[in-house]
Amino acid sequence: MISLDTLSQVAETHGFQLIGVAPVEPIGGGWFAPHAERFNRWLEEGKDASMGWLAARAQERTVPATLLPNVKTAIVLWMNHRTPTPERPDDRPGRVAAYAWGRDYHNVTRKALRKVDRWLFEHAPDLNRYISLDTGAILERAYGHRAGVGWIGRSTMLIHPRLGTFGSIAVIFTDQDLKTSEQAHPNRCGTCTDCVDLCPTQALSEDGLDSRLCISYWTIEHRGLIPRDIRPMLQDWVFGCDICQDVCPWNNHAPRADPKLWRPQQSHAWPDLVGWLEMDSKELEDSLMGSPLRRARGVGLKRNAMIVLANTQTEKALPAIRSVLEHDPDPVLRATAAWAA
């Protein structure tokens, strides 16, 4: 059997700060049942908004054996991704979520995960595995909770008492009986409701997250026009939102990630929104190669930029907004420009 202590040392060598192992209920029962039931109810209530890929793979997310037959354990790894905050220039009104300040976490964490997986293969060649990093059909936070890596807070984030919430989670399903955590991590949110109370769109409640109200959903995942009543709620967030994490007391003293690994850029943390509008959408996307910002696509970023510039009353942006209105071929951008101007 693979030693968890040895595996922890290997994972730490490759940049992971936390590791835990959870038992897997292959047909979605046992400790996992409440998580599966909550996820299915969340889908039924339409709280996934337009993110149809979540429902499309609901069976795989709630019945792990469909991903790996004879699955027995889940190795959960956690990597800190919030670097020191780049200095904010005086003339940059838009904010970007911390995970997108530098390199794409998919690339950084996947590279480290492959090295851990290579070690597993060398030391247990008969071990069958299914690896997931965000894009796989796994309820990562549920396994992180059961593995003792942290607890799922009111913010719906996985929280570690020392490292906080700003982390990327990877999961490796295996068909081997590894030593698992004896119990799930205790919930330590107590009576604190800051994340719920201070969410400007009231996207959080005791029932969890409603994506239809979430700033991160609207600025990253949504395609097309953003409804008029939602636009002012975005405030100055041009990509993502960290409010529920910024107000979480468990992040107050959490260490920051290594900037040499993540390479945060001032222009990504505090982008030149007028400069974005002066580029065509394809040129903007190409300029952000290797950044999570590309997830919103060029059209989405320019749409968001105009909303933020309007919300912050940045009058110097008017010529660029009017140029989009008069010349951009995309109807979503022209409509947003008309509203922004």
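As shown above, the structure is provided for reference.
These lines cover the structure that appears in this document, whether it is placed above or below. (Residues numbered from 1 in each chain as written. Predicted model: local features only at pLDDT ≥ 70, side-chain atom pairs only at ≥ 80, totals over all residues. Heavy atoms only, no water.)

## Considerations on the nonpolar core
In this structure, Tyr143 and Phe173 are the most contacted members of the largest nonpolar core, which totals 44 residues. Looking at this core, the elements that each hand over two or more residues are strand S1 (18–23), helix H2 (33–44), strand S2 (73–80), helix H6 (140–146), strand S7 (167–174) and helix H8 (215–221). Here this core gets four residues from one element, more than from any other, and that element is H2. With near-sequence residues (within four places) excluded, Tyr143 lies in contact with Ala22, Pro23, Val24, Trp31, Phe32, Pro64, Ala74, Val76, Ile138 and Phe173. (Core = buried A, V, L, I, M, F, W, Y, C linked by side-chain atoms within 4.5 Å. Buried < 20%, exposed > 50% of the residue type's maximum accessible area, 1.4 Å probe, protein only. Helix = DSSP H or I, 4+ residues; strand = E, 2+ residues; numbered from the N terminus. Contact = heavy atoms within 4.5 Å.)

## A look at unusual backbone geometry
A positive phi angle is found at Asn70, which is not glycine, with a value near 65°. The topology assignment puts Asn70 in the loop between helix H4 (58–62) and S2. With a phi angle near 60°, Gln202 is a residue other than glycine that sits in the positive phi range. Positionally, Gln202 belongs in the loop between helix H7 (194–197) and strand S8 (204–205).

## Regarding the pattern of salt bridges
Scanning the model with the defined rule gives 14 salt bridges in all. With a closest N to O distance of 3.1 Å, Lys47 and Glu45 form a salt bridge. The exposure class of Glu45 is partly exposed, given its relative accessible area of 39%. Residue Arg92 pairs with Asp91 through a salt bridge whose shortest N-O separation is 3.8 Å. Using a relative accessible area of 43% as the deciding quantity, one classes Asp91 as partly exposed. Look at the salt bridges and you will find they share partners, linking Arg88, Arg95 and Asp236 into a network. (Salt bridge = Lys/Arg side-chain N within 4 Å of Asp/Glu carboxyl O.)

## Quick look at the side chain of Lys47
By secondary structure assignment, the location of Lys47 is in the loop between H2 and helix H3 (52–56). Residue Lys47 is classed as buried on the basis of its relative accessible area of 12%. Residues in contact with Lys47, not counting those within four places in the same chain, are Trp42, Asp207, Leu209, Asp210, Ser211 and Arg212.

## What about the packing of aromatic side chains?
Evaluated as defined, the whole model comprises ten aromatic pairs. Centroid distance Phe32 to Tyr143: 5.3 Å. Interplanar angle 25°. Geometry classified as stacked. Taken together, the residues Phe32 in the loop between S1 and H2 and Tyr143 in helix H6 connect sequence positions 111 residues apart. Assigned by exposure class, Phe32 and Tyr143 land together as buried. Residues Tyr99 and Tyr105 carry aromatic rings whose centres are separated by 5.6 Å and whose planes lie at 80° to one another, so their mutual orientation is edge-to-face. Taking relative accessible area as the criterion, Tyr99 reaches 22% and is therefore assigned partly exposed. You can call Tyr105 buried: its relative accessible area is 14%. Among the aromatic residues, ring-to-ring pairing joins Trp31, Phe32, Tyr130, Tyr143 and Phe173 into one connected group. Seen from the ring of Trp53, Arg295 lies directly overhead, with NZ or CZ sitting 5.5 Å from the centre. (Phe/Tyr/Trp six-rings, centres within 6.5 Å; stacked < 30°, edge-to-face > 60°. Lys NZ or Arg CZ within 6 Å of the ring centre and 35° of its normal.)

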